[in-house]
Amino acid sequence: MLPTESKKAVSFKRYIEDGDLVIVYERHDVMKPVVVSEGDVLQNRFGVYKHSDWIGKPLGTKVFSNKGKFVYLLAPTPELWTLVLSHRTQILYIADISFVVMYLEVVPGCIVLESGTGSGSLSTSFARAVAPTGHVYSFDFHEQRAASAREDFEKTGISNLVTVEVRDIQGQGFPEKLSGLADSVFLDLPQPWLAVPSAAKMLKEDGVLCSFSPCIEQVQRTCEVLRSDFIEIRTFEVLLRTYEVKEVKVDTGNMIGESHDDYNGGLRPCKRKHRSKEDGAVSLDSSSNATSVVMARPCSEARGHTGYLTFARLQCLS
Amino acid sequence: MELNKDQATMSENNKPQDPDPRFACEGCSVLLDVNDGDRLVFARLSGGAILKIGNKNYSLKPMIGAPFGSLFQVESGDEGSFLSRILPVKQENKSNNVIDDSRDNRELVDNNEAQNLTGEEIEAMRREGAKGDEIIEALIANSKTFEKKFQLSQEKYLLKKQKKYAPKVLLRRPFARSICEAYFKKYPERIGFLRVDALSLLLTMANVTAYSDVLVVDMVGGLVTGAVAERLGGTGYVCNTYKGNSPSSVEMVRMFNFSDKVIKRIVQSSINELSSAKTVSPEENNQQERVCNAEININEPSTSDIVEETSVTAEAMVVDIVAPESKIIKAPKAGAKASKEAIEMWQENGFSSLIMAAQDQDPWSLAKDVLPLLSCSAPFAIYHQYLQPLATCMHNLQQGKMAINLQITEPWLREYQVLPSRTHPHMQMSSFGGYVLSGIRISTT
């Protein structure tokens, strides 16, 4: 997934080979990760796709089924992976992930500690940020989850950047051998305050810690503990509002309220892109008083809460 | 004084050829956080650099060689007041049971007679070399109302006085995050109102990582270029492209403490150069020549850069007082012209992703020219402070079947005050950080 050697850079690797991981894109909300295998086929409601037809094709192109229907084959990115990975736990999404990576000041070469591993969604983004010389140490107390995460990292080709260990961070703390080596620490634990003293030990001075908690009571307790060793303690909530874009006929004449019932009735939140073409077609048979205008409005439904992100910087005492 | 000695040995240990990025060396760019985020000031460390707090100037010299994250406080000595490094006192977890505090503001009368100390008396204390903390103690002792105040108001009072009489300066390492925050706070229009959460989204959505070749259209002063270069860590390329003849300024790149290795990866090239076919027809040849002639003018915008920068620093109240020439270590200049080999490579393989942050430009008219420069399946993210042009751009990309997975998003960021029994969102927040259109380029054939 990541171009950790210059030869593997996405822009250099344009043709699909046997054994590649690709994302099969049907619609923005229907995607699937597939490992290309010479004799294999992909079956969906549009028919059967032979993998052998895909080999040698450039990424980003259409491939057709036996029924003549197409899907796109895309290069995997951490974002696409987050959308398609199997959810073994509640995962972090793009807004939180982006903010965490930036606020933790993770750059190439950094050492990042993380607990728990969960489904490995955030770990993948950390790996992208520390590549090519840094490393992510991820801990989860759940043996099976850790194993599945390891398998996933093999599949996405980032296992050289992420080490997954089974460990109860709340109970045991981070391993001593990582003491004073971490540039950043990320906690996603039910009782993060229990892990804060150990996290402080792992961090380099001026290193940044982030704790993700869905409930404000968790934040409250974490902040109380943070105050003894950390400065710049700040808590945020970050959310995304998405917009639907449509070309709609607007009446520019004087006859208000005539036969335009289909404007709002036909709209469904967030189902923008695949409809707009038909809408465009509709707009052609415009009557004299109507013009087509491209307009945007927020989708009616959105994720209202994910978690609070608390950041803190380890005091510099030396 | 002992502290200063420590710093001297520290800077000696710091080999000049390989500076530890966690220490503030002479000549490097630093971010000064005055009074817990009240003011953020950029400075280039030198013996002569000055920070103005209140109506006094303070030399930044004590900061040279100190680790990033060190805290400084104003202290008075025989030769006036100066900045001195302080080590934070370990706070024991005091269980402040606020709920049981029954005091309130019923007896407070706003008649300006609460404080017995006069301004002259305070000034006299200062002249005699009283420390900030001592002045604050005197203020409390002479306040008629302090004891009657609710515990929270007492804390607020203390904080207010600390900021005035014993200001603290935190030495911070400039990162894309802090640079974006500092600009957003002070000059949001210069960065097109690009808030830090929106910037982080751009980097994520464009899959910026080591060894990638990222095409950017940066018309936000170099913030995006710098943020991308930070994630590349001296590998791959960030190529800043532009319409017409003059590249946009990327002077903000100098705020980052980039090594030469990273700086070398920041290049620029015009859209014409990048998109001209490999077999150059005479007509196109002419065009190229015109572009080349234009390149000579690159130096001109850079002189205006310098003017701009001094105005930034002057307004930020950092004055670089006549330091000996040799002592100033200039940051290397980013944004050299992309080499012919690099351009050929991009024409052959395409860029691995694109970020556009072009203020006052129509995103669609730019996107239709630069999207074809990407390799297929490459993700892109387009920033704009207005929604409508992005909506139009998205519509046109759909119609032209140039991209899939298109989405316009607007990040929303709220900060919280977290204190025992006093947790709530901040009373003031930024209500707008920009819009992002993201998608994946597909093959049109």
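Parameters at a glance
Residues numbered from 1 in each chain as written. Chains lettered and ligands numbered in written order. Predicted model: local features only at pLDDT ≥ 70, side-chain atom pairs only at ≥ 80, totals over all residues. Heavy atoms only, no water. Helix = DSSP H or I, 4+ residues; strand = E, 2+ residues; numbered from the N terminus. Buried < 20%, exposed > 50% of the residue type's maximum accessible area, 1.4 Å probe, protein only. Areas by Shrake-Rupley, 256 points an atom, 1.4 Å probe, with all protein chains shown as cover. Contact = heavy atoms within 4.5 Å. Core = buried A, V, L, I, M, F, W, Y, C linked by side-chain atoms within 4.5 Å. UniProt positions renumbered as here; feature names shortened; annotations may be inferred. Polar contact = N/O pair within 3.5 Å; in protein donor to acceptor, adjacent residues only side chain to side chain. pLDDT = per-residue confidence, 0-100. Buried area = accessible area lost by both parts, 1.4 Å probe. Salt bridge = Lys/Arg side-chain N within 4 Å of Asp/Glu carboxyl O. Pairing = 2+ DSSP bridges. Axes fitted to C-alpha atoms, helices over the stretch in contact; angles between N-to-C directions. Phe/Tyr/Trp six-rings, centres within 6.5 Å; stacked < 30°, edge-to-face > 60°. Parallel < 35°, antiparallel > 145°, perpendicular 65-115°, else oblique. Left-handed = near helix turned anticlockwise from the far one by under 90°.

Participant: If you had to explain the overall build of chain A to someone new, which residues and values would you point to?
Facilitator: Tallying secondary structure elements over chain A gives 10 helices and 14 strands in all. Looking at chain A residue by residue over its 318 residues, the buried ones come to 54%. Here chain A has roughly 13800 Å² of accessible surface; of this, 50% comes from carbon and sulfur atoms.

Participant: Can you break down the overall build of chain B residue by residue, with the values?
Facilitator: The number of helices and strands found in chain B is 14 helices and 17 strands. When each of the 445 residues of chain B is scored for burial, the buried share is 52%. When contacts within chain B are restricted to residue pairs at least 6 apart in sequence, those whose partners lie at least 24 apart make up 72%. Carbon and sulfur atoms make up 51% of the accessible area of chain B, which totals about 21100 Å².

Participant: Which residues make up the nonpolar core, and what are the values?
Facilitator: With 84 residues, the main nonpolar core has A:Phe126, B:Val224 and B:Val228 as its most contacted residues. In contact with A:Phe126, not counting residues within four places along its chain, are A:Val100, A:Val101, A:Leu104, A:Val106, A:Val112, A:Glu114, A:Val136 and A:Phe186. Core analysis: the next-biggest nonpolar cluster, separate from the first, contains 39 residues, B:Phe351, B:Ala378, B:Ala391 and B:Leu437 among them.

Participant: Now, about the UniProt feature "binding site: S-adenosyl-L-methionine" (unreviewed entry) in chain A: what can you tell me, with residues and values included?
Facilitator: Residues and elements named next belong to chain A. The positions UniProt marks with the feature "binding site: S-adenosyl-L-methionine" (unreviewed entry) are Ser-119, Gly-120, Ser-121, Leu-122, Asp-140, Asp-168 and Asp-188. Within the fold, Gly-120 resides in the loop between β7 (111–115) and α4 (121–130). Excluding anything up to four places from it in sequence, Asp-168 contacts Phe-141 and Gly-173. At 3.2 Å, the side chain of Asp-168 forms a polar contact with the backbone nitrogen of Gly-171.

Participant: Outline the confidence of the model for chain B, supporting the account with residue identities and numerical values.
Facilitator: All names here are of chain B. Predicted confidence across chain B gives a mean pLDDT of 80, with 79% of residues reaching 70 or more. With pLDDT under 50 throughout, residues 1–17 is counted as low confidence; its partners more than four residues away or in other chains account for 12 contacts. Across residues 279–329, confidence stays below pLDDT 50; counting only partners more than four residues off in sequence or on other chains, it has 59 contacts.

Participant: Outline the interface of chain B and chain A, listing residues and values.
Facilitator: When the parts of a complex come together, some accessible area is lost, and that lost area is often taken as the interface size. Listed per partner, the contact involves 77 residues of chain B and 78 residues of chain A. Note on chain B versus chain A: buried area summed over both sides is about 6900 Å², and carbon and sulfur give 57% of it. Applying the counting rule to chain B against chain A returns six salt bridges. A salt bridge links A:Glu232 to B:Arg177; its shortest N-O distance comes to 4.0 Å.

Participant: Just give me the short version of the sheet that holds strand β6 (residues 70–74) of chain A, but keep the residues and values in it.
Facilitator: Residues and elements named next belong to chain A. Taken together, four strands build an open sheet; the order of strands is β2-β1-β6-β5 and the sheet is antiparallel. In the strand order of this sheet, the two ends are held by β2 (30–35) and β5 (62–64), each with one partner. Each adjacent strand pair in this sheet contributes to an overall mean axis angle of 35 degrees, direction not counted. Taken together, the three bridges between β5 and β6 define a ladder with antiparallel strand orientation. Bridged to Val-63 within β6 is Val-71.

Participant: If you had to explain the packing of aromatic side chains to someone new, which residues and values would you point to?
Facilitator: Residues and elements named next belong to chain B. Under the definition given, this model contains 19 aromatic pairs over all chains. Measuring from ring centre to ring centre gives 6.0 Å for Phe-42 and Tyr-183, while their planes differ by 40 degrees; the resulting arrangement is tilted. Taken together, the residues Phe-42 in strand β2 (residues 39–44) and Tyr-183 in helix α5 (residues 176–186) connect sequence positions 141 residues apart. Residue Phe-42 is classed as buried on the basis of its relative accessible area of 8%. Here Tyr-183 falls in the buried class, since its relative accessible area comes to 3%. Centroid distance Tyr-237 to Trp-346: 5.5 Å. Interplanar angle 90 degrees. Geometry classified as edge-to-face. Separated by 109 residues along the polypeptide, Tyr-237 in strand β9 (residues 237–242) and Trp-346 in helix α12 (residues 340–349) bring together distant segments of the chain.

Participant: If you had to explain the packing of helix α2 (residues 119–127) of chain B against helix α3 (residues 132–141) of chain B to someone new, which residues and values would you point to?
Facilitator: Residues and elements named next belong to chain B. Packing of α2 against α3 leaves a shortest axis separation of 10 Å and a crossing angle of 150 degrees. As the angle between them shows, α2 and α3 are arranged roughly antiparallel. Where α2 crosses over α3, the two elements pack in a sense that is right-handed. Residues Ile-122, Met-125 and Arg-126 of α2 pack against Glu-134, Ile-135, Ala-138 and Leu-139 of α3.

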